Amino acid sequence: QLQLVESGGGLVQPGGSLRLACAAPGFTLDAYAIGWFRQAPGKEREDIACINNSDGSTYYTNFVEGRFTIGRDKVKNTEYLQMNNLKPEDTAVYYCAASPYGSVQGMCVMHSSWYDYWGQGTQVTVSS
């Protein structure tokens, strides 16, 4: 059974950076699409970004484009979300998810229903 483990969350000041990692011990994610999502207290889950590892297609939601970068470290067999210029409103629990269904029309799918496997989440707090 594929299991995802996130790491890299923590407390950071506004304007700071964090790099979240998502690992799948014992599995390779070459053929999976990976999505990152977040949920703040009292709010609905938000889409952040996705990558289809098969063809490298990526997608970013508007509020993170230019600040966040999604990618894959093939050497470490982990997925990452590099987050720069963090803002207090980025405070949330961040989740990675994996989908075996690939992309649609050359684009990774940014919808939680596309993803079968979810990590436990990692807390990101942006505060001075």
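Residues numbered from 1 in each chain as written. Predicted model: local features only at pLDDT ≥ 70, side-chain atom pairs only at ≥ 80, totals over all residues. Heavy atoms only, no water.

*Asks:* Would you mind showing me how to read the state of the cysteines here?
*Replies:* The final tally for this structure, using the stated rule, is two disulfides. Two residues, Cys 22 and Cys 96, share a disulfide whose sulfurs are 2.0 Å apart. The chirality of the disulfide connecting Cys 22 with Cys 96 is right-handed, given an S-S dihedral of about 65°. Of this pair, Cys 22 sits in strand β3 (residues 18-23) while Cys 96 is found in strand β9 (residues 92-99), placing the two residues 74 residues apart along the sequence. Residue classification places Cys 22 among the buried positions, given a relative accessible area of 0%. (Disulfide = S-S within 2.5 Å. Helix = DSSP H or I, 4+ residues; strand = E, 2+ residues; numbered from the N terminus. Buried < 20%, exposed > 50% of the residue type's maximum accessible area, 1.4 Å probe, protein only.)

*Asks:* Which parts of the structure should I look at to understand unusual backbone geometry?
*Replies:* Most peptide bonds take the trans form, and the phi angle of most residues other than glycine is negative. One non-glycine residue, Asn 85, adopts positive backbone phi at about 50°. Among the secondary structure elements, Asn 85 is positioned in the loop between β8 (78-83) and β9. A residue is classified by how much of its surface remains accessible, and Asn 85, at 41% relative accessible area, is partly exposed.

*Asks:* I keep staring at the nonpolar core and nothing clicks. Help me out?
*Replies:* One recurring pattern in soluble globular proteins: nonpolar side chains tend to sit buried together. With 28 residues, the main nonpolar core has Trp 36, Ile 48, Phe 68, Leu 81, Met 83 and Tyr 94 as its most contacted residues. Within the residue set of this core, elements represented by two or more residues are β3, β4 (33-39), β5 (46-52), β7 (68-73), β8, β9 and β13 (122-126). The element contributing the most residues to this core is β9, with four residues. Counting seven residues, the second-largest nonpolar core is a separate cluster that includes Phe 37, Cys 50, Met 110 and Tyr 115. (Core = buried A, V, L, I, M, F, W, Y, C linked by side-chain atoms within 4.5 Å.)

*Asks:* Would you take a moment to explain the pattern of salt bridges for this structure?
*Replies:* Any two side chains of opposite charge can pair if their charged atoms end up close together. What the rule picks out here adds up to five salt bridges. Among the salt bridges present, the one from Glu 46 reaches Arg 38, with a minimum N-O distance of 2.8 Å. With relative accessibility at 31%, the residue Glu 46 sits in the partly exposed group. On the basis of relative accessible area, Arg 38 is assigned to the buried category, the value being 5%. Residue Arg 38 pairs with Asp 90 through a salt bridge whose shortest N-O separation is 2.9 Å. Taken as a pair, Arg 38 in strand β4 and Asp 90 in the loop between β8 and β9 lie far apart in primary sequence, 52 residues in all. Asp 90 shares its class with Arg 38; the two are buried. (Salt bridge = Lys/Arg side-chain N within 4 Å of Asp/Glu carboxyl O.)

*Asks:* How do you make sense of the sheet that holds β8 when you look at a structure like this?
*Replies:* Adjacent strands of a sheet pair through backbone hydrogen bonds, lying either parallel or antiparallel. Spatially, β1-β3-β8-β7 is the arrangement adopted by the four strands of the open sheet, whose pairing is antiparallel. Taken across any chain shown, the strands that pair with only one partner, and hence form the sheet edges, are β1 (5-7) and β7. Recorded for the sheet is a direction-independent mean angle of 20° between the axes of neighbouring strands. For β7 and β8, the ladder comprises six bridges, and the chain directions are antiparallel. Note that in β8 the partner of Arg 72 across the bridge is Glu 79. (Pairing = 2+ DSSP bridges. Axes fitted to C-alpha atoms, helices over the stretch in contact; angles between N-to-C directions.)

*Asks:* Could you clarify how one ought to interpret the pairing of β9 in this entry?
*Replies:* Residues in a regular strand project their side chains so that they alternate between the two faces of the sheet. With six of its eight residues buried, β9 lies for the most part within the structure. Bridge count between β4 and β9: seven bridges; the pairing is antiparallel. Bridge pairing links Gly 35 to Ala 97 in β9. Pairing analysis gives three bridges linking β9 to β13, with the strands arranged antiparallel. What sits directly across from Val 93, in β13, is Gln 123. When β9 meets strand β12 (residues 117-118), the two strands line up antiparallel, connected through two bridges.

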